Amino acid sequence: MLDNKHKTPFIALIGAVALMTFIYFRQLHEVDDSLRESSSELVRDLQNFRGAPVNPRHALSMKFVPVDMREHFLMIQGPEGQTVYHSANLRGLSIEGALGFRTIQIAGQACRAGSFREPNYTIHVAVSLATVEDFLQDVAIGLLTTLPLVGLMVFAGGLWLGKKAVAPVAALSTAAES
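My aim in this report is to walk through the structure given alongside it, one point at a time.

The rules behind these values
Residues numbered from 1 in each chain as written. Predicted model: local features only at pLDDT ≥ 70, side-chain atom pairs only at ≥ 80, totals over all residues. Heavy atoms only, no water. Patch = residues over 30% accessible without salt bridge, like charges linked within 9 Å, V, L, I, M, F, W, Y side chains within 5 Å. Areas by Shrake-Rupley, 256 points an atom, 1.4 Å probe, with all protein chains shown as cover. Salt bridge = Lys/Arg side-chain N within 4 Å of Asp/Glu carboxyl O. Helix = DSSP H or I, 4+ residues; strand = E, 2+ residues; numbered from the N terminus. Buried < 20%, exposed > 50% of the residue type's maximum accessible area, 1.4 Å probe, protein only. Expected span 1.5 Å × (residues − 1). Bend = angle between axes of the 7 residues up to and from the residue. Pairing = 2+ DSSP bridges. Axes fitted to C-alpha atoms, helices over the stretch in contact; angles between N-to-C directions.

On to a nonpolar patch on the surface, then. Taken together, the side chains of Phe-10, Ile-11 and Ile-14 present a nonpolar region at the surface, about 310 Å² in accessible area. For Ile-11, the location among the structural elements is in helix H1 (residues 4–48). Ile-11 sits in the exposed class, given a relative accessible area of 57%.

As structure tokens, this is what we get:
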């Protein structure tokens, strides 16, 4: 069993781990929402663009991919599962998967992928998790630097308050002794 001296750092560590876990899954949820919205927008654009292929079985060019999705890893499949678009940054890799979200590795980097069935198309889209990982690293560094400083400030404040609280008792004790 931990004594009181060692409980505080242990509780702070558990709190930091819980906070980091919460932030990580919240960030993943935001990435998932972004992937879902982007794929819906892509299909909506394909259905409404002038000059877009009417037949969903025909190959698509990059000009039909929204600008904000061009850096994503993207595969679009037609109604029979034939690939009608494959982004160049995939370099021939496939990101096909079950409908829904998953974390995968693409070219050695962790990516969040989503697969969505839309009218006439199945969209497979992935984005690097590097920004999420960098943010979590920044938060961890912030916690590691601030928690000791906060502990030091609490310790110093406790000493100061302790001296202020004991001062009247010390004065009474000195007065009683003399």
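The end-to-end C-alpha separation of helix H2 (residues 130–177) is 69 Å, in line with the 70 Å expected for 48 residues at 1.5 Å each. By the largest-angle criterion, Ala-167 marks the main kink of H2, which is about 35°, and a proline, Pro-168, follows within four residues. Within the span of H2, buried status applies to Val-132, Leu-136, Val-139 and Leu-143.

As a further point, take the sheet that holds strand E3 (residues 100–106). The sheet built from 5 strands is open, its strands ordered E2-E1-E5-E4-E3 with antiparallel pairing. The open sheet has two edge strands, strand E2 (83–86) and E3, and neither has a second partner. The mean angle between the axes of side-by-side strands here comes to 20°, regardless of whether they run parallel or antiparallel. Bridge count for strand E1 (residues 73–77) against E2 is 3 bridges, and the pairing is antiparallel. The partner of Gln-77 across the bridge, within E2, is Thr-83.

In total, this model carries 4 salt bridges according to the counting rule given. Notably, a salt bridge pairs Asp-32 with Arg-112, separated by 2.8 Å at the nearest N-O pair. With Asp-32 in helix H1 and Arg-112 in strand E4 (residues 109–118), this residue pair connects regions lying 80 residues apart in the sequence. Residues Asp-32 and Arg-112 agree in their burial class; the two are buried. Residue Arg-57 is joined to Glu-80 by a salt bridge in which the shortest nitrogen-to-oxygen separation is 2.9 Å. Of this pair, Arg-57 sits in the loop between H1 and E1 while Glu-80 sits in the loop between E1 and E2, and the two are 23 residues apart along the sequence. Owing to a relative accessible area of 52%, Glu-80 belongs among the exposed residues under this scheme.

With that settled, the discussion passes to the pairing of strand E5 (residues 121–128). Most of E5 sits inside the fold, with 6 of its 8 residues counted as buried. Across 5 bridges, E1 lies against E5 in antiparallel orientation. Along E5, the bridge assignment pairs Ile-76 with Ile-123. Across 8 bridges, the pairing between E4 and E5 is antiparallel. Opposite Cys-111, over in E5, you have Ser-128 as the bridge partner. Hairpin connection from E4 to E5: 2 residues lie between these consecutive antiparallel strands, with Asn-120 at a positive phi of about 75°.

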